[in-house]
Amino acid sequence: MNVLVNLDTKGKLVLADGDEIQGYSFGANKSMAGEVVFNTGMVGYPESLTDPSYCGQILVLTFPMIGNYGVPSDSKDENGLLKYFESRKIQVAGLIVAEYSQTYSHWNAAKSLGQWLSEAGIPALYGIDTRRLTKKIRIHGSILGKIEFAGQAIPFEDPNTRNLVAEVSTKVCYSLGDENSSVHILAFDCGIKYNILRYFVDTHCVRLTVVPYNYPLESNPESISYDGIFLSNGPGDPAICKETIASLKWAMERENPKPIFGICLGNQLMALACGGKTYKMTYGNRGMNQPCIDLQTSKCYITPQNHGFAVDNASLPPHWQPLFINANDLSNEGIIHTSKPFFSVQFHPEAQGGPTESSFLFDTFLDIVRGTAQIRSLLSPLIYERSVVRKVLLVGSGGLSIGQAGEFDYSGSQACKALKEEGIEVIVINPNIATVQTSKNLGRASPDKVYFLPIRAHVIEEIIAKERPDGIIVSMGGQTALNVGIELWRSGVFEKYSCKVLGTPIDTIIATEDRELFSQKLAEINESLALSYSASNVDEALQVASKIGYPVLVRAAFALGGLGSGFADNADELRIQCEKAFAISSQILIDQDLRGWKEVEYEVVRDCRDNCITVCNMENFDPLGVHTGDSIVVAPSQTLTNSEYFKLRSTALKVIRALKIVGECNIQYALNPVSEEYCIIEVNARLSRSSALASKATGYPLAYVATKLSIGQDLVSIRNSVNKTTTACFEPSLDYCVVKVPRWDLAKFNRVSTKLGSSMTSVGEVMAIGRNFEEAIQKAVRMVSGGRLDGLDGEKMRSGTSVKVESSDLDVMLRVPTDTRLAAVQTALEQGYSVDEIHSLSRIDKWFLSKLKKIASLKEEISRYSFDQLSPEHIKTMKCAGFSDSQIARYTKSSEFVIRRRRQQWGITPFCKQIDTLAAEFPAETNYLYMTYNGTEHDVVVETGPSGGGVMVLGCGAYCIGSSVEFDWCAVSAVRQLRSMGDKAIVVNYNPETVSTDFDESDKLYFEELTQERVLDIYELEKSVGVIVSVGGQIPNNLAMTLHQQGVHILGTSPENINKAEDRHLFSAMLDKIKVDQPEWSELTTKEDAFSFAAQVGYPVLVRPSFVLSGAAMAVACTESELTNCLSAAEEISQDKPVVISKFMTSCKEIEFDAVAQKGAILNYAISEHVENAGVHSGDATLVLPAQKLYVQTVRKVKSIASQIARALNISGPFNIQLLAKDNYVKVIECNLRASRTFPFISKTLDANFITLATKVMMGYECRPYNISLIDYDYVAVKAPMFSFTRLRGADPTLGVEMSSTGEVACFGHDVQEAFLQSLLATTFKLPQVHPNKHILISIAEDRMRESFVPAMEMFRDMGYNLSGTPGTAEFYMTRGFKITSLDKPPFETPKSVSTWIRNGYVDLVINIPEGTTRREEVTSGYLMRRLAVDFGCSLITNLRCAELFADALHRAKPLPCISVEEFIGTAPHASSGFV
């Protein structure tokens, strides 16, 4: 199959205004005319195409990918109606879509959409910019058009001049349903949908007689007896149905009239019959997400609609009133007689496709018919009770960890913004100092007071007692905040202090977290979980597992991200898994194994008035069995039919209403891939990782809305944040595809398992937006690789190797999910595996695999061409499928910039599209943008001001180890400073967890790649005045030189000097030139040179690649064999960049120097010290600020060296220098000419925003130096790393020169001991107990370190702790008079062994100081001991200096104070506060 050149028949859509749009045929090659209308539904194309209301219309579907699940069979139900369609044939005149799926995938599909259309003689075109077309219809109104093919010219035809109702109405009367039913309804068929018939006959068991639209009711020639009258939907102008209107008038004017109920066209007919008027709408309401307000109850329902005419409310005669109105434009959505039994609605309560929550209207009608009409369900009067909230405590999530990352900074920041808009005082407790939500003076989203304290129940109680907030929000801080909220609620703290939990009640949260309670709640509404039981001990777990049957899933209750979970295939594996799970929670859950089923999620919002919406549904690329945080996720779902989509949606609303959730929550399903069977996996009654993704995917700010709801507002009154005009009570329609891909950093860890399962292991994620799946997935691959990959290419993803993977190995890689499975799938496709073969091995849906197959086929075909043979069509096809210029260049033996120039010459450039939440249905001046080649026009017109087109700020990309929320804080600080100075800020980033990708943070947000190709595209489109690369970490910094070479104006320090600092060789040479000391070094040219250098200076040596983050592939080698391994790793990651080898300095103090300079002169600085000696990566180190143990002479040398480097590099902007100090000798390790991860820490500690100052400098403002006196601060801040070893199966929890922490916290104290202890507690570290059965286990490798630790041992002894040790350590301390129990080292399993004592809970704290700082491949006793500590929930310290400080801090410990950062800073000097 040729996929590079489109061989499908060409056709064109011709509009009455002269516009002609080229497309490709996938239906009948037959010209057809009609009225062009659009539908914003994302599913349900078989139902829409057979809807009689579309008769005579050319339908434009705004969702870009159509045909994914094929078309079902034409089988009939027991009533003789086509089971899966809405009428007996396709009703549209033609179909227009953006992307047609040639390959479909669904268990219920009988044929492709194209085949079905062809057989019916209906033309259809794809390859058309449907967003452009929708906007045209929106602006100009419904427009006449025609689909034409060569040689088949036809005239325009206005179907509204025809009696369309006569065309679709039945010609004869017929009856359905039980002849003996007590209720007989007469239905006027004006184009009645089959699902209406099913509702009457199957759902409500009535006898239904369907008559033609023009049936004369007064004469009733068929002598039909009836108890009520129904008016159906239908096409066209209602005024044409004169006979129907006449019959209605007669029926209404009778003395004892029969009840009448109308839908859609029936609403308009009833209005005309009673004397009202209708009018032609500009473009009509055609979609599945129209919000309609019930004027009897004020509830709002999401409704499906398809009509071009509406009732004029002002024309209604006396005794008639509007029943429903549209919440967006206030147009009529229903009418009712005030005393007679007549009512009608403009929407479809029975909805096929669409939501069905308004189907109660059928019940209402039939109750009236039966004479048993009930009082409509009334809202609780409590909804009008609005608590007066003046002060709120917002609980954050703490340090970033796997499963709980930056998404909670985003949600917390949104909550701050929503509360501050209402004039509410906001207090935040969150020890994560790198977050935006803990920042002051950063605009309207800043809290009033911040507590950098551990998130513990007793701490929060102290804050509540001190601050006396009216309310507390625990739903924005992940599982950490939720768990502490539950603990405080159970202990009566909230009641004691009259502090109201805002949003979802705590008892509801408990019901969702406790599996038994949750199961009971679901049983009450006839819904069920996957087979699941709780257990409180191993024996119970074994009994439960035998009841369910192996394999089973074991999970810890009240845990985040699948922590403590795993699959067990037998009883032995279950015992092991239970031990780990019970170390985390007192309750575990044993679940049925549903691996292989589809996993689907819905984000749901409910307000206090019981209005309920689903904001986004998402489908996992991977089948169930892989934690959703580790799965590729696609939004909206691509392989669900209308029936499946709305069945799960309906269940979601039912569950959330039953649970009485107020705010936002997430519900996850398992869906059988070969039926509509489903079960509920879980409900998260809080903002989650998926919530942040859904917010960014749709443009709907879930956290912001949920916060407004938590203080008593309702969805209808809140405005749509994107277009500012429509209500927030709506369900977004997407006209694009979103793909989320997780980011793993497993390669950083020694011995870690790469298998993916029920416990999350990814550290971050990216979100890509495209107009088709291929475009989005290729973008996502580039994003997640941080510049290493240029697209989805199996060979390239396997580190460029061209060696063919053996089939047996590839089969395992496909069957067993790991962090490289996507690469394995693509490799298999490139090596000739069929879609069916890969599906049988991986269970990944065939639709997704067929899309990846297309990418592999395009790669294969383009590789046959040379650059000179490429045509514009070739390039366009590749770009529409998401291929980068770099990929095309590789395949055609060319270069990236040659390809760029050629496609620009051919006019092939990307188009800028908006994310507006409603698929262009309503006008939106939104600044939320993405780029695509699948379009023909820009959504926005770029306007440049007097100073140019704005400043581009490049964000941090995916969170990973070494680049996390601290760089998002830097980007947000820069953006807010730019805007405060009147400069337009344009953000480019692709991380859905960030605040910087909140669209109202900047003037324009491009949710796009941080590649040189895409940055250049945006730079040229926006005519930007310059680009800031120094606030987003390593990814944008690495782009500086290549962008500069393409003419981009880089603001701040020159790219040449950035390159000089990043290039290890150039930087070391510069230091030698300016006579700044550094460890002995040499550029690595050959391995022999490296061995020679090591022999010369002596081991250990340090291998350091250039242009890397977090010490990637940096390693210490103590032997020649270790050096060989280090060189191989460095060579792989550095590619063509220099690698330097240097002498590794031991027993040195490490110092951080962070500063801002202008034209080489330092304006402000901070000097912090590491607690750990050099050898621990700075990101894993414990930092103290101000430094407490530096000699005055050392500080002077540090400042002098920094000044020399700043001058030599002519720095203008932020920078960071890392130095070594020993005996007043100072040596430079490296310099980063960008903001470092410590910038939020120093800025908040010193109450001086360094990024604000740096932004002014980079924009060219003259800034004065500040008088800095770090010795005048009477408080200390300590920043501690946050690790996620519990989630990294098998990883060795030791520290070295390559970073391994996933987050950080910082706390303040009056001295370093107080601050250190607070920060340690904030990392979730558990203090050891003084208890007869609890011990501190000590294992130290070397005598010199054991000797150093003697004072700490004395402190532990004085405090009454029981001490135990491994044999060598125990013997050492016994000889010094310590009482210490000797335990056998692992792997020995004796009654007095480390393994036994840790498993049995006798050990509270393990202090294990391993030998050296190198990675070891062999499994050592120390490794097993550390791993046991992590797996069984013991606190672990692996650094001698930290262990010593911990003992000292614990020994000095007094009640830790509850003090806000504002109280600490109030005592500090304010020399530098002028630029905060």
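Placed above this text is the structure.
Residues take numbers from 1 onward in each chain, read along the sequence in its written order. Totals for whole chains, interfaces and linings use every residue, but because this is a predicted model, local features are given only for residues with pLDDT of at least 70 and side-chain atom pairs only at 80 or more, for both listing and counting. Hydrogen atoms and water are omitted, and side-chain values are computed over all heavy atoms in the structure.

Peer 1: Would you explain the pattern of salt bridges in this entry?
Peer 2: Side chains that differ in charge, positive against negative, can pair when their charged atoms come close. The term salt bridge refers to a side-chain nitrogen of Lys or Arg lying within 4 Å of a carboxyl oxygen of Asp or Glu. One pass over the structure, following the stated rule, counts 90 salt bridges. For Lys879, the salt bridge identified is with Glu1013, shortest N-O distance 2.7 Å. With Lys879 in helix H26 (residues 872–880) and Glu1013 in helix H30 (residues 1012–1022), this residue pair connects regions lying 134 residues apart in the sequence. Taken individually, Lys879 and Glu1013 each receive the classification buried, so the pair is uniform in this respect. One salt bridge in this structure joins Lys1149 and Glu1169, with 3.1 Å as the shortest N-O distance. Of this pair, Lys1149 sits in strand E48 (residues 1149–1158) while Glu1169 is found in strand E49 (residues 1161–1173), placing the two residues 20 residues apart along the sequence. Comparing Lys1149 with Glu1169, the two get one shared label, buried. Helix and strand assignments follow DSSP, with helices taken as H or I runs no shorter than four residues and strands as E runs no shorter than two, numbered in order from the N terminus. Summary of the burial criterion: residues with accessible area below 20% of their type's maximum are buried, those above 50% are exposed, and those between are partly exposed, where the area comes from a 1.4 Å probe applied to protein chains only.

Peer 1: I would appreciate a short explanation of the sheet that holds strand E37 (residues 764–770) in the present structure.
Peer 2: Sheet strands associate in pairs through backbone hydrogen bonding, adopting either a parallel or an antiparallel arrangement. At least two bridges found by DSSP between two strands is the condition for calling them paired. What the seven strands build is an open sheet, ordered E35-E34-E31-E32-E33-E36-E37; its pairing is antiparallel. The sheet terminates laterally at strand E35 (678–684) and E37, the two strands that pair on one side only. Pairwise comparison of adjacent strand axes, ignoring direction, gives a mean angle of 25° for this sheet. Pairing of strand E32 (residues 612–620) with strand E33 (residues 633–635), which is carried by two bridges, proceeds in the antiparallel orientation. By the bridge assignment, Glu619 is partnered in E33 with Val634. To define axes, lines are fitted to C-alpha atoms, for helices over the stretch in contact only, and angles between the resulting N-to-C directions are given on a 0 to 180 degree scale.

Peer 1: Please explain the environment of Leu82 as it appears in this structure.
Peer 2: Following the sequence through the fold, Leu82 ends up in the loop between strand E6 (71–72) and strand E7 (94–96). Overall, the relative accessible area of 13% leaves Leu82 in the buried class.

Peer 1: For this particular structure, what's the right way to read the nonpolar core?
Peer 2: Soluble globular proteins tend to bury their nonpolar side chains together. Formed by 348 residues in total, the largest nonpolar core has its most connected members in Leu113 and Phe773. Two residues form a contact once any of their heavy atoms are found within 4.5 Å. Other than its neighbours up to four places away in sequence, Phe773 contacts Met65, Phe621, Val634, Cys737, Val739, Trp847, Phe848, Lys851 and Leu852. Only buried Ala, Val, Leu, Ile, Met, Phe, Trp, Tyr and Cys residues count toward a nonpolar core, and they belong to the same one when joined by side-chain atoms within 4.5 Å.

Peer 1: Before we go on, may I ask you to explain the packing of aromatic side chains in this structure?
Peer 2: When we look at a pair of aromatic rings, we describe it by the centre distance and by the angle of the planes. Aromatic contacts are taken between Phe, Tyr and Trp rings whose centres are within 6.5 Å, Trp giving its six-membered ring; a plane angle under 30 degrees counts as stacked, one over 60 as edge-to-face, and the others as tilted. In total, this model carries 49 aromatic pairs according to the counting rule given. Ring geometry for Tyr24 and Tyr126: centres 5.8 Å apart, planes at 35°, overall tilted. Here Tyr24, found in strand E2 (residues 20–25), pairs with Tyr126, found in strand E10 (residues 124–126); they are 102 residues apart in sequence, far enough to count as distant. A ring pair is formed by Phe324 and Phe347, whose centres lie 5.1 Å apart and whose planes are at 85°; its orientation type is edge-to-face. With Phe324 in strand E19 (residues 320–326) and Phe347 in the loop between strand E21 (342–345) and helix H8 (360–370), this pair connects stretches of sequence that are 23 residues apart. Here Phe324 matches Phe347 in class, with each residue buried. Every member of this aromatic cluster is reached through a ring pair, and the members are Tyr199, Phe200, Phe230, Phe261, Phe343, Phe362 and Phe365. Definition used: whenever NZ (Lys) or CZ (Arg) falls within 6 Å of the ring centre and also within 35 degrees of the ring normal, the charge is taken to sit over that ring. A cation sits over an aromatic face here: Lys696 above Tyr410, 4.0 Å from the ring centre. Cation over ring: Arg1376 sits above Phe1372, and NZ or CZ is 3.7 Å from the ring centre.

Peer 1: Help me out: how do you make sense of helix H44 (residues 1421–1431) in this one?
Peer 2: One turn of an α-helix holds 3.6 residues; hence residues three or four places apart share an orientation. Within H44, nine of the 11 residues are buried, leaving the element largely enclosed by the surrounding structure. The complete set of buried residues in H44 reads Gly1422, Tyr1423, Met1425, Arg1426, Arg1427, Leu1428, Ala1429, Val1430 and Asp1431. Looking one or two residues beyond H44, the residue adopting positive phi is Gly1433, at roughly 75°.

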